[in-house]
Amino acid sequence: MNNQSNIEDSVSALSFSQDKVHTATLGMGCFWSPEALFGHLPGIIRTRVGYAGGTSTSPTYHQMGDHTETVECDFDPIIISFEEILDVFWSNHNPVNINDYRGRQYRSLLLYHNKLQQVTIQHVIQKRQKLGMGVPETEVSPFCGFTLAEDRHQKYYLKRYPNAMEKLTLLYPVQDDLLSSTLAARLNGLAKGYTNLEHIIKEINQWTMSLSHREMMIDLVKQIRW
Ligand code: MHO
């Protein structure tokens, strides 16, 4: 077995059982920062940015129609609950739509994927209201589709560091695999200043991979020139 396939084997070893994967879809302004914010949190498996919440077909950045910039997070509810995600959501943006700024592009928006998420959203709104935090101007609607944004918007902050992208390409030769990896989500958070290398290395050490695979991944991460 050559070195390249060894590396790819080790990456696919980081697997999550599918029934444990839940999804949250959130709008909180320009989607670059929320992707980095959620991407740094343990329990977030992968992130992506896109357009959701509207009715127009095939939205793009320049023709968003009535859609909103959103971040989508796949998460392991055993490690991070939907309620914790909502606390991060409301603590990290101002959910006021001043004068309908940029129409629906930058709405504070929660698109629930099931009844439990809908109930949890109401519960957290009431919890915050009791704490004197008021009622947020967040639109709450059922999820009805998500269009992935253009490549240049995915892991926007990580892409400011060509050496990081180069090193990650050794682990994930296929760009889509790279962009949807847990490691890229964490490093995107690091690039934006939400976490540091020490935290990421500690977490990699807990991932369900063999010791040699973890060491190889940690070595590679340490070699990145930021
Ligand atoms: N920073 C840009 C917005 C980009 S975003 C993907 C701006 O201030 O126009 O909406």
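## Remarks on the overall build of the protein
Part 1 of the reasoning: When you go through the protein residue by residue, the secondary structure sums to 9 helices and 6 strands.
Part 2 of the reasoning: For the protein, the spread of C-alpha atoms along the three principal axes comes to 55 × 40 × 30 Å.
Part 3 of the reasoning: Here the protein, with 226 residues, has 49% of them falling under the buried criterion.
Part 4 of the reasoning: Partitioning the contacts of the protein with sequence separation of at least 6, the portion at a separation of at least 24 is 74%.
Part 5 of the reasoning: When the accessible surface of the protein is summed, it comes to about 11,200 Å², and 52% of that surface belongs to carbon and sulfur atoms.
Part 6 of the reasoning: Here the protein carries 21 positive and 24 negative side-chain charges, and the mean point of each set is 4 Å from the other.

## Looking at the pairing of strand β5 (residues 139-142)
Part 1 of the reasoning: For strand β4 (residues 108-112) and β5, the ladder comprises 4 bridges, and the chain directions are parallel. Residue pairing for β5: L110 is matched across the bridge by V140.
Part 2 of the reasoning: A crossover connection joins β4 to the parallel β5 through helix α4 (residues 115-130); in handedness this β-α-β unit is right-handed.

## Details of the packing of helix α7 (residues 182-191) against helix α8 (residues 197-204)
To characterise two packed helices, one gives the angle between the axes of the helices and the distance between these axes.
Part 1 of the reasoning: Two elements in contact, α7 and α8, have axes separated by 10 Å at closest approach and are oriented at 165°. The orientation of α7 relative to α8 falls into the category roughly antiparallel. Crossing hand, α7 versus α8: right-handed. Here L183, R186, L187 and L190 of α7 come into contact with α8, specifically with L197, I200, E203 and I204.
Part 2 of the reasoning: Each residue belonging to the contact of α7 with α8 can be placed in one class, and the counts come to 6 nonpolar, no polar and 2 charged.

Here is what the cut-offs are and how they apply
- Residues numbered from 1 in each chain as written.
- Predicted model: local features only at pLDDT ≥ 70, side-chain atom pairs only at ≥ 80, totals over all residues.
- Heavy atoms only, no water.
- Helix = DSSP H or I, 4+ residues; strand = E, 2+ residues; numbered from the N terminus.
- Buried < 20%, exposed > 50% of the residue type's maximum accessible area, 1.4 Å probe, protein only.
- Contact = heavy atoms within 4.5 Å.
- Areas by Shrake-Rupley, 256 points an atom, 1.4 Å probe, with all protein chains shown as cover.
- Lys, Arg positive; Asp, Glu negative; His and termini not counted.
- Charge placed at Lys NZ, Arg CZ, Asp CG, Glu CD.
- Pairing = 2+ DSSP bridges.
- Right-handed = clockwise from strand over helix to strand, strands pointing away.
- Axes fitted to C-alpha atoms, helices over the stretch in contact; angles between N-to-C directions.
- Parallel < 35°, antiparallel > 145°, perpendicular 65-115°, else oblique.
- Left-handed = near helix turned anticlockwise from the far one by under 90°.
- Nonpolar A, V, L, I, M, F, W, Y, C, P; charged D, E, K, R; others polar.

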